[in-house]
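Spelled out from the first residue to the last, the chains are:
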Amino acid sequence: MDLDGDRTRIAVILVGVGGASSELADSLAEVVIGVVASTVENAELVGREEVQVGLGQIEDRSVECISSNACIGRLGVELRVDEAIAGTVNQRGDGWVFNLNRIHIRSGATVGRIYEEVDGDLGDVAAALSRAVPSLYAPQRATLRLTVSSSSGSIPSVLFLDGVEIGAVDGSRTVTDLPLGRHDVVVRADGFTTFSREVDLQEDQELFVSLSPVSVVDDTSRATEARADGGRTVHPMLYVGGGALVIGATVSAVFGARSSRAIGDVNTRAEALAEQSDRERDARIANIGLAAVGVSAGMVLVGALLTRRANRGRQTEIAVSPTGVLLTVRR
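Residues numbered from 1 in each chain as written. Predicted model: local features only at pLDDT ≥ 70, side-chain atom pairs only at ≥ 80, totals over all residues. Heavy atoms only, no water.

It is worth spelling out the overall build of the chain at this point. For the chain, the count of helices and strands is eight helices and 17 strands. Within the chain, the proportion of its 331 residues that are buried is 36%. Summed over all atoms, the accessible surface of the chain reaches about 18,500 Å², with 51% contributed by carbon and sulfur. (Helix = DSSP H or I, 4+ residues; strand = E, 2+ residues; numbered from the N terminus. Buried < 20%, exposed > 50% of the residue type's maximum accessible area, 1.4 Å probe, protein only. Areas by Shrake-Rupley, 256 points an atom, 1.4 Å probe, with all protein chains shown as cover.)

To continue, consider a negative patch on the surface. Taken together, Asp94, Glu117, Asp119, Asp121 and Asp124 make up a surface patch of like negative charges. With respect to the helices, strands and loops of the structure, Glu117 is situated in strand S5 (residues 110-119). (Patch = residues over 30% accessible without salt bridge, like charges linked within 9 Å, V, L, I, M, F, W, Y side chains within 5 Å. Salt bridge = Lys/Arg side-chain N within 4 Å of Asp/Glu carboxyl O. Lys, Arg positive; Asp, Glu negative; His and termini not counted. Charge placed at Lys NZ, Arg CZ, Asp CG, Glu CD.)

As a further point, take the sheet that holds strand S2 (residues 43-46). Strand order in the open sheet formed by five strands is S2-S1-S3-S4-S5, with mixed pairing between adjacent strands. At either margin of the open sheet sits one strand with a lone partner, and together these are S2 and S5. Direction aside, neighbouring strands of the sheet carry axes that sit 20° apart on average. As defined by bridge partners, strand S4 (residues 95-104) adjoins S5 across nine bridges and the pair is classed as antiparallel. By the bridge assignment for S5, Phe98 is matched with Glu116. Across the sheet, helix H5 (residues 122-132) is in contact with S4 and S5; its angle to S5 comes to roughly 150°. (Pairing = 2+ DSSP bridges. Axes fitted to C-alpha atoms, helices over the stretch in contact; angles between N-to-C directions. Contact = heavy atoms within 4.5 Å.)

Attention now moves to the packing of aromatic side chains. Tallied over the entire structure, the rule returns zero aromatic pairs. The ring of Phe160 has Arg188 lying over it, and the distance from NZ or CZ to the ring centre is 4.9 Å. (Phe/Tyr/Trp six-rings, centres within 6.5 Å; stacked < 30°, edge-to-face > 60°. Lys NZ or Arg CZ within 6 Å of the ring centre and 35° of its normal.)

The subject of this paragraph is the nonpolar core. Residues Val89, Phe98 and Val133 are the most contacted members of the largest nonpolar core, which totals 28 residues. Within the residue set of this core, elements represented by two or more residues are strand S1 (8-18), helix H1 (22-39), strand S3 (83-92), S4, S5 and H5. The greatest single-element share of this core, amounting to eight residues, is contributed by H1. When residues no more than four places from it in sequence are discounted, the contact partners of Val89 are Leu14, Val15, Gly16, Val17, Ala20, Leu24, Ala25, Leu28, Trp96, Val97 and Phe98. In this structure, Leu159, Val169, Val175 and Leu201 belong to the second largest nonpolar core, which totals 20 residues. (Core = buried A, V, L, I, M, F, W, Y, C linked by side-chain atoms within 4.5 Å.)

Right, let's talk about the pattern of salt bridges for a bit. All told, the structure shown has six salt bridges when counted by the stated rule. Each of Arg7, Arg9 and Glu44 takes part in a single network of salt bridges with overlapping partners.

The topology assignment puts Ser157 in strand S8 (residues 156-161). Taking relative accessible area as the criterion, Ser157 reaches 4% and is therefore assigned buried. Once you skip the residues sitting within four places of it in the chain, Ser157 turns out to touch Val148, Gly167, Ala168, Val169, Val187, Arg188 and Ala189.

Across the 10 residues of S4, seven count as buried, placing the element largely inside the fold. Of the pairings in the sheet, the one linking S3 to S4 comprises 10 bridges and is antiparallel in character. By the bridge assignment, Ala86 is partnered in S4 with Asn101. In sequence, S3 turns back onto S4 through a hairpin of two residues, with Gly93 there showing a positive phi of about 60°. Here S4 hands over to S5 after five residues, with Gly108 in that stretch at a positive phi of 75°.

This next bit is on H1. Here H1 is 18 residues long and its end C-alpha atoms lie 25 Å apart, about the 26 Å a rise of 1.5 Å per residue gives. Of all the residues in H1, the buried ones are Leu24, Ala25, Leu28, Ala29, Val32, Ile33, Val35 and Val36. (Expected span 1.5 Å × (residues − 1).)

Below, the structure is given as structure tokens:
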């Protein structure tokens, strides 16, 4: 978000904790501001004093602000800030520790972070900050560690990430240098059910996968994973509902026509009553067929929704006719 056309407003809050005074933190904040100004094109830096005035903060509540989503939100409202760089500096004996987070105001997401321990004096800390701050704007990466097992222990499997085969997983596997965001994780093993999940990777994450042998999955569960057209999922309710829809429509049409036929020549009252009884029976069967059509149409709709859900990212089209149901799934 850029609230001022072509400029990005950035607030810098650096708080001294432990042995680091607020005056020292202010001096180091100026170092951060200078590095950010030279790193980010068209950046407009909001100084610490303006931040304090805008939020009405008092010094001893600044640490609370850094860790509070509500306070970061106030930064965006009060100062029209696009992002904030917030953190602490601490002096521990002869060493220093600083921790900075780059926070996107609109989403509330932490899009960059640095943590470093420094030995030396204040000049060494300033130099370390100057080297580290640009990494807040480097593309963020994370690590995904996958552990695959079954009721019988670890099993050999194959990992697919975002549709690309990563390779074999012998119990566990670690994938490094992944961009932050959503990733499709699929694990396949011969004789076992397939695992598929979308993972929102915002930091290093460990994922535990337990696969079930195909032999212990009941027929109903296996039916829900009926596959067609190169592994694309078609929910069985769609097939059942489509078949029942065709049968119900056929029964309703045939017996509806029979119930509407003209009464032929009859010679006795008994024959007339029998003819009338047959017409009423045919009408009842036609009505049952119509009811089956309604139920079947509902099954087709539910099956279509489940199929669409199982084929996210693909275009699903369904056409129903008296001769059957046509399902088309396109990537």
